[in-house]
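Spelled out, the chains give:
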Amino acid sequence: MNEPDVIQLGVDPVRFGQSFVGSDAFRALFQEGMELIEETAAYLDGPGREESRHLERQTSLAYASESMRLTTRLMQVASWLLLQRAVAEGEISPDQAQTEKSRVRLNSSDTKTSIDEYEALPERLRELMGLATRLHARILHLERLIAEAGSAPRQAALNPIAAQLGMLEKAFGPAE
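Peer 1: Please explain the side chain of Q84 as it appears in this structure.
Peer 2: Locating Q84 in the fold gives a position in helix 5 (residues 57-88). Filtering out sequence-adjacent residues up to four positions away, Q84 remains in contact with V21, F26, K101, E143 and I146.

See the structure below:
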């Protein structure tokens, strides 16, 4: 075996984004996301509804706005997770997933709530908002990795050292 064979294996690198959806780590992320959705729904339908009745008018408006933003964010997360799980389980093809992704908007929406209004919100709502924001950011990152893997050229770029060795070999003959 000569040195260029060792450096240039001809093996494409593993695409993290594509392999992630079939992994245990994705299943854990999926479970985490679905549990957060359930916790949030239970809070907003129960204790959150009761807590919101006792808030001052301005804080009550911030509560309504933030709870809608939270619900929207979590629905985006759920849609993305379900789409990725469908690909991982072979229910849809990656091409179908690309088509469906146009319907899943993972946009980040900045809050218009002031710090004072935020701090006046119930503690549990703030916790759920933080958890959802962090989960959303992780999913945005994964989506970028998956998109980059899908748009990357199929043929891996040559190793620059292997390319230089190849040029030397052409100029001076094979290394022996």
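Anyway, onward from the coordinates.
Peer 1: I would appreciate a short explanation of the packing of aromatic side chains in the present structure.
Peer 2: Both the distance between ring centres and the angle between the ring planes are used here to describe each pair of aromatic rings. Applying the stated criterion across every chain yields a total of one aromatic pair. Taken together, a centroid distance of 6.3 Å and an interplanar angle of 45° make the contact between F26 and F30 tilted. On the criterion of helical spacing, the pair formed by F26 and F30 is a turn pair, its members being four residues apart in helix 3 (residues 24-45). According to the relative accessible area criterion, F26 is buried, its value standing at 2%.

Peer 1: Sorry, what's going on with the nonpolar core here?
Peer 2: One broad trend across soluble globular proteins is that nonpolar side chains are buried collectively. Counting residues in hydrophobic clusters, the biggest one holds 33 residues, and the most contacted among them are F26, L29, L70, W80, L81, L125 and I139. Of all the secondary structure elements, the ones that give two or more residues to this core are helix 3, helix 5 and helix 8 (123-151). Looking at which element gives the most residues to this core, the answer is helix 5, with 10 residues.

Peer 1: Teacher, can you tell me more about helix 3 here?
Peer 2: Helical geometry: 3.6 residues make up each α-helical turn, so side chains three or four residues apart lie on a common side. Over its 22 residues, helix 3 extends 32 Å from the first C-alpha to the last, a length consistent with the 32 Å expected when each residue adds 1.5 Å. All of the buried residues in helix 3 are F26, L29, F30, G33, M34, L36, I37, T40, Y43 and L44. Of the residues flanking the start of helix 3, the one acting as N-cap is S23, its side-chain oxygen 3.4 Å from the backbone nitrogen of A25.

Peer 1: Honestly, the environment of Q31 in this entry has me stumped. Any pointers?
Peer 2: Locating Q31 in the fold gives a position in helix 3. Separated by 50 residues in the primary sequence, Q31 and L81 place their C-alpha atoms 9.5 Å from one another.

Peer 1: Explanation requested: the pattern of salt bridges in the structure shown.
Peer 2: When the charged atoms of two side chains lie near each other, side chains of opposite charge can form a pair. Overall, the coordinates contain seven salt bridges when judged by the stated rule. Sharing partners across several salt bridges, the network here consists of E39, R124 and E127.

Peer 1: Mind showing me how you'd approach the packing of helix 5 against helix 6 (residues 94-101) here?
Peer 2: Any two packed helices are characterised by the angle at which their axes cross and by the distance between the axes. Running from N to C, helix 5 and helix 6 point in directions that differ by 170°, and their axes come no closer than 9 Å. By the angle between their directions, the pair helix 5 and helix 6 is classed as roughly antiparallel. Here helix 5 contributes L83, Q84 and V87 to the contact with helix 6, which in turn contributes P94, A97, E100 and K101. Residues that form the contact of helix 5 with helix 6 fall into these classes: four nonpolar, one polar and two charged.

The rules behind these values
Residues numbered from 1 in each chain as written. Predicted model: local features only at pLDDT ≥ 70, side-chain atom pairs only at ≥ 80, totals over all residues. Heavy atoms only, no water. Helix = DSSP H or I, 4+ residues; strand = E, 2+ residues; numbered from the N terminus. Contact = heavy atoms within 4.5 Å. Phe/Tyr/Trp six-rings, centres within 6.5 Å; stacked < 30°, edge-to-face > 60°. Buried < 20%, exposed > 50% of the residue type's maximum accessible area, 1.4 Å probe, protein only. Core = buried A, V, L, I, M, F, W, Y, C linked by side-chain atoms within 4.5 Å. Expected span 1.5 Å × (residues − 1). Polar contact = N/O pair within 3.5 Å; in protein donor to acceptor, adjacent residues only side chain to side chain. Salt bridge = Lys/Arg side-chain N within 4 Å of Asp/Glu carboxyl O. Axes fitted to C-alpha atoms, helices over the stretch in contact; angles between N-to-C directions. Parallel < 35°, antiparallel > 145°, perpendicular 65-115°, else oblique. Nonpolar A, V, L, I, M, F, W, Y, C, P; charged D, E, K, R; others polar.

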